[in-house]
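# Commentary on secondary and tertiary structure
Letter by letter, the chains look like this.
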Amino acid sequence: MLKWLGSLTDSNEKELKRLQPIIDEINSLEPEFQKLSDAELRAKTDEFKARLKNGETLDDILPEAFAACREASRRAIGERHFDVQLMGGIVLHQGKIAEMKTGEGKTLVATLPLYLNALTGEGCHLVTVNDYLARRDAYWMGPIYHALGLTVASIYPQQNPDEHLPARLYDPDYTDEKDTRWPHFRPISRQQAYRADITYGTNNEFGFDFLRDNMAIDLSQYVQRPLNYAIVDEVDNILIDEARTPLIISGSAEEATDKYNVFARLVPQLKKDEDYSIEEKERQTYLTESGMTKMEKWLRRDGLLKAPSLYDPANYTLTQYLENALKANVLFKRDRDYVVKDGQVIIVDEFTGRLMLGRRYSEGLHQAIEAKERVKIQRESVTLATITFQNYFRLYKKLAGMTGTAATEAEEFHKIYKLEVVIIPTNKPMVRIDNPDQIYKDEETKFKAVAKEIEAFHQQGKPILVGTVSIEKSELLSDQLKRKGIPHQVLNAKNHEKEAAIIAQAGRTGAVTVATNMAGRGVDIILGGKRPEEPKREDFPDEQEWQKEHQKWQKESREWPEEHNKVIELGGLHVIGTERHEARRIDNQLRGRSGRQGDPGSSRFYVSLEDDVVRRFGGDRVKGFMDWAGFDENTPIEHSMVSKAIENAQVKVEGYHFDVRKHLVDYDDVVNKHREVIYDERRKILEGADLKANILSMVREEIEKLVAARCSRDLMESDYTGLIEELATIFSLPPQINPATLSQMKPDQITEKLIEYAEQLYEQREKDVGSENMRLMERLVMLRALDSLWKDHLTEMDHLRQQASLYAMRQIEPIVVYKKEGHALFESLTAGIQHNVVHTIYKVSLTRKEAPPQRQPQKAAVPAGKKVGRNDPCPCGSGKKYKHCCGR
Ligand code: ADP
Ligand code: MG
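Residues numbered from 1 in each chain as written. Chains lettered and ligands numbered in written order. Predicted model: local features only at pLDDT ≥ 70, side-chain atom pairs only at ≥ 80, totals over all residues. Heavy atoms only, no water.

### Side note on the site of ligand 1
Filter applied, for reference: It suffices for a single heavy atom of a residue to lie within 4 Å of a molecule or strand for the residue to be listed as near it. As used in this structure description, the phrase polar contact means that two N or O atoms lie within 3.5 Å; if the pair is within protein, one of them must be able to donate a hydrogen and the other to accept it, and residues adjacent in sequence are counted only when both atoms belong to side chains. Areas reported here follow the Shrake-Rupley algorithm with a probe of radius 1.4 Å; residue values treat only the protein chains shown as occluding. Only DSSP runs of H or I with at least four residues qualify as helices, and only runs of E with at least two residues qualify as strands; both kinds are numbered from the N terminus onward. In this classification, Asp, Glu, Lys and Arg are treated as charged, Ala, Val, Leu, Ile, Met, Phe, Trp, Tyr, Cys and Pro as nonpolar, and every other residue, Gly included, as polar.
Close to ligand 1 lie 16 residues; Glu-79, Arg-80, Gly-103, Lys-106 and Thr-107 are nearest. One of the backbone nitrogen or oxygen atoms of Arg-80 is found 2.7 Å away from a nitrogen atom of ligand 1. In isolation ligand 1 has 570 Å² of accessible area, and contact with the protein removes 83% of it. Ranked by residues supplied to the shell around ligand 1, first place goes to helix α5 (residues 106–118) with 3 residues. A breakdown of the residues in the shell around ligand 1 according to their chemical character gives 3 nonpolar, 6 polar and 7 charged.

### Quick notes on the sheet that holds strand β15 (residues 398–403)
Basically, it comes down to this: Being paired, for any two strands, means DSSP has found at least two bridges between them. All axes are obtained by fitting lines to C-alpha atoms, using only the stretch in contact for helices, and the reported angles, taken between N-to-C directions, cover 0 to 180 degrees.
Ordered in space as β5-β4-β3-β6-β2-β7-β15-β1-β16, the 9 strands form an open sheet in which the pairing is mixed. Among the strands making up the open sheet, the edge pair consists of β5 (185–189) and β16 (421–423). Along the sheet, successive strands turn relative to each other by an average axial angle of 25°, direction set aside. As judged from the 5 bridges shared by strand β4 (residues 166–170) and β5, these two strands associate in the antiparallel manner. Residue pairing across strands places Pro-166 opposite Ser-189, the latter belonging to β5.

### Overview of the nonpolar core
Short version of the rule: Here, the term nonpolar core denotes a set of buried Ala, Val, Leu, Ile, Met, Phe, Trp, Tyr and Cys residues that are joined through side-chain atoms within 4.5 Å. Think of it in three bands: with a 1.4 Å probe and only protein chains considered, a residue is buried below 20% of the maximum accessible area for its type, exposed above 50%, and partly exposed in between. A contact between two residues is defined here by any heavy atoms of the two lying within 4.5 Å.
Counting residues in each nonpolar core, the largest one holds 171 residues, and the members touching the most others are Phe-393 and Phe-413. It is helix α27 (residues 771–806) that contributes the most residues to this core, 12 residues altogether. Once you skip the residues sitting within four places of it in the chain, Phe-413 turns out to touch Ile-97, Val-235, Asp-236, Leu-239, Ile-240, Ala-406, Lys-418, Leu-419 and Val-421. Core analysis: the next-biggest nonpolar cluster, separate from the first, contains 35 residues, Leu-318, Phe-332, Ala-368 and Ile-377 among them.

### Quick word on the packing of helix α4 (residues 83–93) against α5
Definition in use: Note that the term roughly parallel is reserved for angles under 35 degrees, roughly antiparallel for angles over 145, roughly perpendicular for angles of 65 to 115, and oblique for everything else. A crossing counts as left-handed when the near helix is turned anticlockwise from the far one by less than a right angle, and as right-handed when that turn is clockwise.
Relative to each other, α4 and α5 sit at 45°, their axes nearing to 8 Å. Classed by the angle they form, the pair α4 and α5 counts as oblique. The crossing of α4 and α5 is right-handed. Between α4 and α5, the residues in contact are Gln-85, Leu-86, Gly-88, Gly-89, Leu-92 and His-93 and Leu-108, Val-109, Ala-110, Leu-112, Pro-113, Leu-116 and Asn-117, respectively. When the residues that make up the contact of α4 with α5 are grouped by side-chain class, the tally is 8 nonpolar, 5 polar and no charged.

Any link to function would need more than the numbers given here.
Here it is in structure tokens:
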């Protein structure tokens, strides 16, 4: 592993060296671009586009495009890309991950490759971790794109199910008086947002839009264009942490939920170790023989047991409930793994501490937790569409990412996404002092020491950022600080925007900020707090008010450098980690908040032998060492050997989590192949593919199959009556096709005759209903068959997965079973679709229902034979021109 990282740094040097000539070229173009007028700068975009059409490649025009973007940024928002930012930009354009530390200005870096890649007109996406950032960044960078004549949009989340999917376009000519934060965001449709040159949005919104598109029944409802180029911000957070739960669109199924309550009542009566054991490493729990016997007794008493033994397949569903109830009770802790809010169980992201609203644990576990917490059990849901982030992001023609912490996960990025990591040097040298870990025997002494250190630094006025691993621990520490009378802020990642404002001020003298994980926050901490923003003249129509506001700003601006320098003198921001996280990356995220852009700073982690990661993965070695060193309860030790042991433990956990995610991908890859085929078929149907030929060949195949099953040469006796009966479920047969006539023919002749009849009948129907209607029926029949059977297929694959896991007990790899059986299920899915289509196409007919009364004014009927000109007054009498009214 270490050797591997070593080779990573070597190749990194080479990679950076290769970029230097390009950076030099961009720099040499700068004077020329500075001389351009605003209009000339904007005209560059058209020039680049034209050159691309004439055969130049994106790489050919990269230096000029980057120079144009840098100049536009300098003029529009007053920030000129640093050379290292140009480097980052090239790496992103190359479809790799740029590791750039917090505060290096990744938001600005992304403008370069986004501008360049948008020139092809195929659309570029920037993926953010939350909605607030999707707005902030699109709006913040908006002026740059606008100066270059490109459009940029932001995808908003849907607030309620009836709402039209919202989105905004950055447009300085538009002003929303009511919106003081983002006044120049014009509301637009989702489709328009995806037609913009550049689109900002969260991973969830992009993924859900993709799934929704593939459920649409008309091409005009599709909002996305083919997925071209995406840059994922905080890429480790999205592609690694979030990637553990797939996106699911589900509908609710009818199913009894009382069983969850039964098990939630029974399971707490089991005793640890006696009735069940816990496997800490794998976070698994198993019933012992004694536990099994007890459960059987209780279930028999309640009349739920279908066979004497719980192992009996007849009790398969019961064991499912049992497993989930056991997990819910002994492995899942309230306020660590989930919170209960407004009668709902909400998952807490283990890595970021964020609440994952709307996400649910799958396969009944969520319901089991709901039963345990005695809140309303949401109905089981059926999956209508699902995809993992891994497979969604692999759909892009080109994918890139940026983050402060990627190197430790380089292997995973490479293996799963084929993404290479390039470490970009910081703009200014890093001077933060990282102190060695302090290790305590137990958690209580550790937290006491943390509180003491906060107190000491706080008295000096040094700003402090404290990271905890859970909401629970944050509150624990907060109580201690309250008792000491230290004012502080606690962040639980509940309100992104409000917390962003708090983080922005976390660098002021005396500020103490306690946060559950800083991963993916996207806001940097400036020493001395945020620089005061100059008020805009046009925002203050009242002269007096303007004067007051402006003077206030002048005063604050004078004071800011003093405050800034004071914090620098104090040694900058001090970061305290109260526990080593399971992944080193998350620790680095926390540390990286200090020492940005060459700022002074310091950090230290506090560890106890009771911490999860130490206990689960490295406990014995660390403990052995400590016993050997013979230290007492209250004195912490600082020793590189212990720090090493803990780091090794982290590497082990990282590996374990990687395996879990790899596992998820291995399983999803099986379904993914199916999804690709089905989505592709769907799209072809919607795009108006020739379905007639397709359906007729299905009919032929179906007939061949039927004949072969009933009257093939291998059979002793042909069953003509049975054949006729089966055929009758497809179409009605003429009297001359009957058992007696068929018995006179050879099987081949029968098939030929039947096919000929089926084709004739098809043509006849087409004549009767008209070709256009026939095409419409073909489309509807195919779509319906595809969608309903695909949905069932997803559910079956889910079940298969659960069944496959049982094979592990027989020493058979579940994934092997899953792949093999999954393939069989897919074959039966395609056979099912054919069967369904063939058995429906001859029976459907179109009946036009009366149009329901509309609320909107009815479009005026245009008298037959009379044409209304587009500029004529509308015949509906509205007084508007026809093209602006009913003729739209
Ligand atoms: P990151 O996402 O890398 O943590 P941000 O994009 O949030 O960093 O930027 C951090 C800060 O640095 C912002 O306040 C931004 O305005 C500033 N910044 C970035 N690049 C430049 C630049 N080239 N010149 C001046 N300020 C910059
Ligand atoms: Mg950022």
